[in-house]
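Commentary on secondary and tertiary structure
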Amino acid sequence: MQNNYYFLCRLVEELQHRVLSSKLFECYTQNKNELVIAFNNEFVIKAYLDPSFCCLTFPSDHYRAKKNSVDIFNELVGREVVAVTQFLNERCFSITFLEQYQLIFKMHGNRSNILLSHKNEIKAIFKNSLKKDFHLSINELDRSIDQSFENFESYGGEYQQLFPTFGPIVKNYLIDREYQTLKITERWSLVQEVIHAMNSGPFYVSDVSNTTHLCLIEIGNTMAQYESPTEAHNSIF
């Protein structure tokens, strides 16, 4: 669930405390599909965006090689962070700098990318193979969805249209709780219980079907539990 919408929401909350008012110190790549973003308060974001797997990690330190290291997004160096924002119902968030510059983290599986925008226009992208990202409309990233009980009821208690960002871990959790056998009011209560857990509960590192997952709900065999999204992330990535 490391790229799940609900995890990104929690991560953005922590990033707001970590990078607001700091300045970007350097941004570079020295390994294929890997971008290092370092701030002047020593906080570091390392983005690994391989088509087969993508994640963000937050190392306590980083070593920049003297060779085969290339600066990226030079326009941001020395600029102050003024906001960190999660887009609504979308697996994207942004770090906004002075003078209307933004780094947009598009965490879309094998199409994940990091984009530089200025005044809501895409100016550069990290993974140049994803050229369609130059046409991304930032103003349309927020997706408003009516997630009221009345709308839930109109869909017969089928949650997928109202909560498209739940993902496979939540789907399996609801199956385990025999979701399809429940009455609509019971389904609604279970969905709200899951959302509450993902919005405010701890972070779990769990073995689910013999695979290690970062989870926002208790499922499978819990191997570790964390209160911080960055600590949970760093424990397995």
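Residues numbered from 1 in each chain as written. Predicted model: local features only at pLDDT ≥ 70, side-chain atom pairs only at ≥ 80, totals over all residues. Heavy atoms only, no water.

Evaluated as defined, the whole model comprises 8 salt bridges. Linking Arg 64 and Asp 71 is a salt bridge whose minimum nitrogen-to-oxygen distance equals 2.7 Å. On the basis of relative accessible area, Arg 64 is assigned to the partly exposed category, the value being 25%. Between Glu 158 and Arg 187 there is a salt bridge, with its nearest N and O atoms 3.3 Å apart. (Salt bridge = Lys/Arg side-chain N within 4 Å of Asp/Glu carboxyl O. Buried < 20%, exposed > 50% of the residue type's maximum accessible area, 1.4 Å probe, protein only.)

What follows concerns the side chain of Ser 206. Tracing the chain through its elements places Ser 206 in strand β11 (residues 203–208). Relative accessible area serves as the criterion here: at 0%, Ser 206 is assigned to the buried category. Residues in contact with Ser 206, not counting those within four places in the same chain, are Thr 211, Thr 212, His 213, Cys 215, Ile 219, Asn 221, Thr 222 and Met 223. (Helix = DSSP H or I, 4+ residues; strand = E, 2+ residues; numbered from the N terminus. Contact = heavy atoms within 4.5 Å.)

Paired through backbone hydrogen bonds, the strands of a sheet run either parallel or antiparallel to each other. Sheet architecture is open: 5 strands sit in the order β6-β7-β8-β9-β10, paired in antiparallel fashion. This sheet does not close on itself; its edge strands, each paired only once, are β6 (81–86) and β10 (121–125). Across the sheet, the mean angle from the axis of one strand to that of its neighbour is 25 degrees, orientation sign disregarded. Two elements, strand β7 (residues 92–97) and strand β8 (residues 101–106), share 6 bridges in a ladder whose sense is antiparallel. (Pairing = 2+ DSSP bridges. Axes fitted to C-alpha atoms, helices over the stretch in contact; angles between N-to-C directions.)

Reading across from one edge, β12-β11-β13 is the order of the 3 strands in this open sheet, with antiparallel pairing throughout. Of all the strands in the sheet, the pair left with one neighbour each is β12 (211–215) and β13 (221–226). Direction aside, neighbouring strands of the sheet carry axes that sit 20 degrees apart on average. Sheet topology note: the β11/β12 ladder contains 5 bridges and is antiparallel. Its bridge partner being in β12, Val 208 is matched across the sheet by Thr 211.

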